[in-house]
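# Topology and contacts: notes
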Amino acid sequence: MADNKGDFLRYAVMDADVYAMCVQHALSTEKEEIMGLLIGEVDTIHKRSYIKSTMILTRSDKKPDRVEISPEQICTASSYADKLAERMKRPWRVLGWYHSHPHITVWPSIVDLRTQATYQMMDPFFVGLIFSVYQTSGNSMNNSVYICCFQTVRNGSSCDKRCVNLEIAPSSLKSYNLEGSIKLPKILYEEEVKSHDEQTSEDMDNLTRLYNESIKTVELVHIVSYVAKPLAIDLEERLNITKKRIAELEKLKRRLIAQKNQ
Ligand SMILES: [Zn+2]
């Protein structure tokens with residue numbers, strides 16, 4: 001397979017809101033890898049990507065290192081990107097994917113490099129992001145988040161990673177991107193209910209059924225207390241800051257109008 005040497009991504013710029021959302025998503029579970037698609041615009045002349053939004057994906061297979069994206073999911077994401085593009089009046093599209101590595105190093109696995117290579121065959125500027133979370137070093141209790149922004153280079157039959165520079169930029173006022181965050185608890189809830197229902201069968205005795213129900217309740221409480229509640233507090237805080245900012249800008253506007261009229 002020929003690697004198109006000329007076309008590769010040099011630089012990626014990610015909105016701070018999108019970064020926060022991906023990290024939040026990655027931290028939502030310590031047990032499994034999570035994944036999603038990245039949406040934004042690509043400057044093919046300067047080989048730069050501007051990541052403006054995400055779409056969280058539900059996992060059909062929750063096994064470790066199994067982060068496959070189905071063609072249906074890509075299709076749904078494309079039409080979601082089209083809708084966003086229309087709303088923002090910008091040429092937004094699906095430009096990459098992200099997934100998490102809980103407790104393991106940030107570097108892409110062979111499976112990740114191969115998956116990335118297949119995407120690059122369709123779009124040479126497609127980018128992969130990995131968030132490594134829940135990694136503690138030595139006796140330290142600090143939890144660090146590592147990010148790897150990469151593409152795959154093919155060397156004969158083997159695949160290597162090429163690191164892409166990543167910049168996290170302040171989100172512009174116009175493109176606040178909180179829709180995705182709001183969807184997170186709902187998606188996690190749906191995944192949990194689905195995987196629970198798959199494990200429950202008609203011929204189970206009452207005690208087993210009761211036990212399974214209690215496990216499901218515990219998992220759902222976990223989503224509420226560790227994801228939904230902190231998210232609500234965070235958004236509440238953000239609303240307060242935005243209100244303050246609006247008030248300050250209104251004050252500035254009045255002052256400028258007064259100066260102009262003097
Ligand atoms: Zn991986």
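Residue positions are given per chain, counted from 1 along the sequence in the order it is written. The model is predicted, so local features are restricted to residues of pLDDT at least 70 and side-chain atom pairs to those at 80 or more, both for listing and for counting; the totals for chains, interfaces and linings are taken over all residues.

For the rest of this paragraph, the subject is the packing of helix H1 (residues 16-27) against helix H4 (residues 179-199). With axes taken as lines fitted to C-alpha atoms, and helix axes fitted only over the stretch in contact, angles between N-to-C directions fall between 0 and 180 degrees. The secondary structure listing takes helices from DSSP runs of H or I that are at least 4 residues long and strands from runs of E that are at least 2 residues long, numbered from the N terminus. At their nearest, the axes of H1 and H4 sit 9 Å apart, and the two run at 10° to each other. Here H1 lies roughly parallel to H4, going by the angle between them. Contacts between H1 and H4 involve Met21, Gln24 and His25 on the former and, on the latter, Gly180, Ser181 and Leu184. Residues are sorted three ways: Asp, Glu, Lys and Arg are charged, Ala, Val, Leu, Ile, Met, Phe, Trp, Tyr, Cys and Pro are nonpolar, and all the rest, Gly among them, are polar. Looking at the contact of H1 with H4 residue by residue, the class counts come to two nonpolar, four polar and no charged. Here the word oblique covers every angle except those under 35 degrees (roughly parallel), over 145 (roughly antiparallel) and from 65 to 115 (roughly perpendicular). Whether two residues are in contact depends on their C-beta atoms, placed from the backbone: they are in contact if these lie within 7 Å.

Once that is clear, we can look at the pairing of strand S1 (residues 11-15). In this scheme, strands are said to pair when DSSP sees at least two bridges between them. Pairing between S1 and strand S3 (residues 48-56): four bridges, direction parallel. Looking at S3, one finds that valine 13 is bridged to tyrosine 50. Relative to strand S8 (residues 165-169), S1 runs parallel, the two sharing five bridges. Note that in S8 the partner of aspartate 15 across the bridge is alanine 169.

Judged by nonpolar contacts, the single largest core of 42 residues is most densely connected at Leu37, Leu38, Ile39, Leu95 and Val127. The residues that make up this core include at least three from each of domain 1 (11-173) and domain 2 (178-261). Not counting chain neighbours up to four residues away, the residues in contact with leucine 37 comprise Thr54, Met55, Leu57, Ala77, Val94 and Trp97. In this usage, the nonpolar core is the set of buried Ala, Val, Leu, Ile, Met, Phe, Trp, Tyr and Cys residues whose C-beta atoms join them within 7 Å. We call a residue exposed when 12 or fewer other C-beta atoms sit within 10 Å of its C-beta, buried when the count reaches 20 or more, and partly exposed for counts in between; the C-beta positions come from the backbone. A domain assignment, automatic or from a database, supplies the domain bounds used here.

Attention now moves to the domain arrangement of the chain. Domains assigned within the chain are domain 1 (11-173) and domain 2 (178-261). For domain 1 and domain 2, the distance between their C-alpha centres works out to 21 Å. Between domain 1 and domain 2, the contact holds twelve residues from the first and eleven residues from the second. Those elements that place two or more of their residues in the side of domain 1 that touches domain 2 are H1 and S3. A per-class count over the side of domain 1 that touches domain 2 returns three nonpolar, six polar and three charged.

Right, let's talk about the sheet that holds S1 for a bit. The strand order across the open sheet formed by eight strands is S7-S6-S5-S4-S2-S3-S1-S8, and the pairing between neighbours is mixed. The open sheet has two edge strands, strand S7 (158-163) and S8, and neither has a second partner. For this sheet the average axis-to-axis angle between neighbouring strands, irrespective of direction, equals 35°. Lying on the sheet, helix H2 (residues 71-88) is in contact with strand S2 (35-43), S3 and strand S4 (93-102); it crosses S4 at an angle near 125°. Of the strands in this sheet, strand S5 (127-135), strand S6 (144-155) and S7 touch helix H3 (residues 110-122), which is tilted by about 60° from S6.

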